[in-house]
Structure formats: C-alpha cells, structure tokens
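# Fold and geometry: a report
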Amino acid sequence: LEEEVGGEGEVEALLADCAGAVEAAKGHVIVTLKSEGGAKAFFVRLADSDLGSNTKGSPPDQIEDRKWVNKSFAALGGCVKAVTDRARVVPVRDSVLTRVLREALREGANV
C-alpha cells in the first residue's frame, strides 16, 4: 500500500489506519515514510515468534507461521550483524523481510 499525504490531519489518519493494520497482522508490518526531500524512515513491527507457549497441540499452520517468523528473524539478525561489522556483503536475499528492508540495510545505514 502506497499513499501520499499532504496535511497534518491526513498524516494522523494514515497513522491511525496503519496502527489498526499492525494490531490485526499476524506477520511483520513495515511502514516507510518518505519526506519531500527524499529522506526515508522505516518503521518495522516484527511478528511474535512465540505464537503460543508450546508446539504440542498447536495447529499445523501456527507451527509453520512460527518457522517462517523465526527464519526471518535469523535472516534479519545476519543482516544487522553484517552491517555493524561493515561486511562487504549484506545477505539481504535470505528472507522476504530483509529483501523489503534492503535499502535500510545498505552500507552506511543507521541500524
């Protein structure tokens, strides 16, 4: 979803809509704000990897969701480590989450 907002009231309404979407989401949520000057800010809400206290008796789809979330956490951790270690290569292709955040994880980004 990409939306352009002008006035302060429009920004508040959009943020309220985003907050509702974040509460309803069972996966990761990423909101990107772009200024007129070209600066970008990424706000990321990561899904809860503890989708239940244990795996016994959990529905199969919940177990698969947990695996997906944990895989993306591991990939994000690898990217953050690479950026902070100033590695030549940041492994952004390891998950959908890190691919979407590729621009924020580039060299020189504030992580």
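Scroll up a little and you will see the structure.
What comes next is a walk through the structure. Quantities reported herein were computed from a predicted structural model and do not represent experimental measurements. Counting of residues starts from 1 at the beginning of each chain's written sequence and follows it residue by residue. Totals for whole chains, interfaces and linings use every residue, but because this is a predicted model, local features are given only for residues with pLDDT of at least 70 and side-chain atom pairs only at 80 or more, for both listing and counting. Neither water nor hydrogens contribute to the side-chain values; these are computed over all heavy atoms in the structure.

### A closer look at a positive patch on the surface
For patch detection, residues must exceed 30% relative accessible area and be free of salt bridges, and they are connected within 9 Å for like charges or within 5 Å for nonpolar side chains (Val, Leu, Ile, Met, Phe, Trp, Tyr). For accessible areas, the Shrake-Rupley method is used with a probe of radius 1.4 Å. Any residue's cover is judged against the shown protein chains and nothing else. Salt-bridge detection follows one rule: a side-chain nitrogen of Lys or Arg within 4 Å of a carboxyl oxygen of Asp or Glu. Under the counting rule used here, the positive set is Lys and Arg, the negative set is Asp and Glu, and His together with the chain ends is not counted. Every charge is mapped onto a representative atom, which is NZ of Lys, CZ of Arg, CG of Asp or CD of Glu. Together, Lys71, Arg93, Arg99 and Arg102 give the surface a local cluster of positive charge. Arg93 gets classed as exposed once you look at its relative accessible area, which sits at 73%. Each residue is assigned to one of three classes by its accessible area relative to the maximum for its type, calculated with a 1.4 Å probe on protein chains only: buried under 20%, partly exposed between the two thresholds, exposed over 50%.

### Things to note about the pairing of strand E2 (residues 40-45)
The side chains of a regular strand alternate between both faces of the sheet. Strands pair, by our definition, only if DSSP identifies at least two bridges between them. A run of DSSP states H or I qualifies as a helix once it reaches four residues; a run of E qualifies as a strand once it reaches two. Both are numbered from the N-terminal end. Pairing of strand E1 (residues 29-34) with E2, which is carried by six bridges, proceeds in the antiparallel orientation. Each residue of the ladder has a partner; that of Leu33, found in E2, is Ala41. Here E1 hands over to E2 after five residues, with Gly38 in that stretch at a positive phi of 100 degrees.

### Overview of the nonpolar core
Inside soluble globular proteins, nonpolar side chains tend to come together where they are buried. Throughout this description, the term nonpolar core refers to a set of buried Ala, Val, Leu, Ile, Met, Phe, Trp, Tyr and Cys residues connected via side-chain atoms within 4.5 Å. Membership of the largest hydrophobic core is limited to seven residues, which are Leu76, Cys79, Val83, Val92, Leu97, Leu101 and Leu105. In terms of residues, this core owes the most to one element, helix H2 (residues 60-84), which gives three residues. In this structure Val92 touches Cys79, Thr98, Arg99, Arg102 and Leu105, once residues within four positions along its chain are discounted. Note on definitions: a residue-residue contact is assigned when non-hydrogen atoms from the two residues lie within 4.5 Å.

### So, the environment of Gly77
Tracing the backbone through its elements, the reader meets Gly77 in helix H2. Considering only alpha carbons, one finds Gly77 and Thr98, 21 residues apart in sequence, at a separation of 9.6 Å.

### Some remarks on unusual backbone geometry
In most cases, non-glycine residues show a negative phi, while peptide bonds are predominantly trans. Here Arg86, not a glycine, exhibits a phi torsion of approximately 55 degrees, which is positive. When you line up the elements, Arg86 lands in the loop between H2 and helix H3 (96-100). Residue Arg86 is classed as exposed on the basis of its relative accessible area, which comes to 73%.

Function cannot be inferred from these measures alone, as they are strictly geometric.
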